[in-house]
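Structural overview
Each chain, letter by letter, is given below.
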Amino acid sequence: MPLAHRAARAAVCSAVVLLAAAACAPEPEEKAEQKPSTAASCSPGKLPTVASGKLTVGTDKPAYAPWFADDAPSNGKGFESAVAYAVAEKLGYDKGRVAWQTVPFNSSFAPGAKKFDFDINQVSISDARKKAVAFSSGYYDVRQAVVALKSSKAAKAKSVADLKDIKLGAQVGTTSLDFIDDLVKPTQKPDVYQKNDFAKSALKNGQVDAIVVDLPTAFYITGAEVTDAEVVGQFENTTGSPEQFGLVLDKESALTSCVTGAVDALRKDGTLASLEKKWLSDAVDAPVLK
């Protein structure tokens, strides 16, 4: 082979080797994927919310006492309204940058994209619901209770067994209804209502012997709404861990860790306990139905 041809061939081979080496070389550091900082993602007032610059909070209508006051979630009165604003403040959103949205109870934890940043509406954290939505850590430990007219046979119940032959009612989709179905297992099928208002009306009218609701709601009903009714008792916690209300978020929400951090901080600094004492002070103890 002529000398010139040999030189040209050597140059081509060298170029091929250099190209192969370049193809296998690691990417320059500046081109590596940049992952967002966890700390930056919770920057006060700068979260990736559904409405830029605002925090959208969902709850049902009517918004029941003692969780809210005067059916007006935005007034800051009632335990859950106060908790929502306390969480918002921890996240860097003052009251003027909190927008409220009406969300039916069952819709809040149904599958599908959400138009709120978080929902607060006495929604108990459960494994079944976690399949469709995300939850913050719990902001309130709750018990379920039985409310009956004082003149009803249900008012004499001292145990879960005493409720088996009682006509019971509860709101659809609630853990109150789960307690009836899974714990009491009554001989009569319970009546199921779209809202607690309908359950309370059924109780007043004698259509059911008793209804099951959370304990603070039970004391509010008997103290302010159905004054000829009484709290018969509360169900025992048999799981080893308390039933808790949690803030509901979209299943893929980027805010979940930030919202959980805010709830945890409010628990640690005593804010949740203080708000509970202020707004749920009437929810005194009740006999345990074993």
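Residues numbered from 1 in each chain as written. Predicted model: local features only at pLDDT ≥ 70, side-chain atom pairs only at ≥ 80, totals over all residues. Heavy atoms only, no water.

Side note on the overall build of the protein
For the protein, the count of helices and strands is 10 helices and 11 strands. Taking all 290 residues of the protein together, the buried fraction comes to 44%. Put simply, of all contacts in the protein between residues at least 6 apart along the chain, 70% involve residues at least 24 apart. (Helix = DSSP H or I, 4+ residues; strand = E, 2+ residues; numbered from the N terminus. Buried < 20%, exposed > 50% of the residue type's maximum accessible area, 1.4 Å probe, protein only. Contact = heavy atoms within 4.5 Å.)

Overview of the pattern of salt bridges
Enumeration over the complete set of coordinates arrives at 7 salt bridges. Put simply, lysine 61 and aspartate 71 hold a salt bridge, and the shortest N to O gap is 2.9 Å. Placement of the pair is lysine 61 in the loop between β1 (55-59) and α3 (79-91) and aspartate 71 in the loop between β1 and α3, with a sequence separation of 10 residues. Classification of lysine 61 by relative accessible area gives partly exposed; the value is 47%. For aspartate 71, a relative accessible area of 31% translates into the label partly exposed. A single network of salt bridges, built from pairs that share partners, joins Asp197, Lys200 and Glu225. (Salt bridge = Lys/Arg side-chain N within 4 Å of Asp/Glu carboxyl O.)

So, helix α9 (residues 256-268)
Between its first and last C-alpha atoms α9 spans 18 Å; for 13 residues at 1.5 Å apiece the expected length is 18 Å, and the two agree. Thr256, Cys258, Val259, Thr260, Ala262, Val263 and Leu266 are the residues of α9 that are buried. (Expected span 1.5 Å × (residues − 1).)

Focus: the pairing of strand β5 (residues 144-149)
The element β5 is largely enclosed, with a buried count of 6 among its 6 residues. When β5 meets strand β8 (residues 210-214), the two strands line up antiparallel, connected through 5 bridges. Directly across from glutamine 144, in β8, lies its bridge partner aspartate 214. Pairing of β5 with strand β9 (residues 229-235), which is carried by 5 bridges, proceeds in the antiparallel orientation. Opposite leucine 149, over in β9, you have alanine 229 as the bridge partner. (Pairing = 2+ DSSP bridges.)

Examining the state of the cysteines
Evaluated as defined, the whole model comprises 1 disulfide. Two residues, cysteine 42 and cysteine 258, share a disulfide whose sulfurs are 2.0 Å apart. What sets the handedness of the cysteine 42 and cysteine 258 disulfide is the S-S torsion sign, and at about -90 degrees it is left-handed. On the criterion of sequence distance, the pair formed by cysteine 42 in the loop between α2 (38-41) and β1 and cysteine 258 in helix α9 is long-range, its members being 216 residues apart. Cysteine 258 gets classed as buried once you look at its relative accessible area, which sits at 5%. (Disulfide = S-S within 2.5 Å.)

Details of the side chain of lysine 167
Of note, lysine 167 is situated in the loop between β5 and β6 (168-171). Contact partners of lysine 167, with chain neighbours within four places excluded, come to Gln188, Lys189, Asp191, Gln207, Val208, Asp209 and Ala210.

Here's the deal with the packing of α3 against helix α10 (residues 271-279)
Describing two packed helices takes the angle between their axes plus the distance from one axis to the other. One way to put it is that α3 packs onto α10 with a least axis distance of 9 Å and a crossing angle of 155 degrees. The angle between α3 and α10 places the two elements in the roughly antiparallel class. Two packed elements cross with a definite hand, and for α3 against α10 that hand is right-handed. Residues Phe79, Ala82, Val83 and Ala86 of α3 touch α10, and the partners they reach there are Thr271, Leu272, Leu275, Glu276 and Trp279. The class makeup of the residues in the contact of α3 with α10 is 7 nonpolar, 1 polar and 1 charged. (Axes fitted to C-alpha atoms, helices over the stretch in contact; angles between N-to-C directions. Parallel < 35°, antiparallel > 145°, perpendicular 65-115°, else oblique. Left-handed = near helix turned anticlockwise from the far one by under 90°. Nonpolar A, V, L, I, M, F, W, Y, C, P; charged D, E, K, R; others polar.)

Comments concerning helix α6 (residues 175-184)
Of the positions making up α6, those classed as buried are Thr175, Ser176, Leu177, Ile180 and Val184. A positive backbone phi angle near 50 degrees is found at lysine 185, which sits one or two residues after α6.

So, the environment of glycine 58
By the secondary structure assignment, glycine 58 is in strand β1. Note on glycine 58: relative accessible area 0%, which makes it buried. Taking the C-alpha atoms as reference points, glycine 58 and leucine 247, 189 residues apart in sequence, are found 9.7 Å from one another.

Quick notes on the confidence of the model for the protein
For the protein, the average pLDDT comes to 88, and 85% of its residues sit at 70 or higher. Here residues 1-40 scores under 50 on pLDDT; set against residues more than four positions off or in separate chains, the count is 4 contacts. (pLDDT = per-residue confidence, 0-100.)

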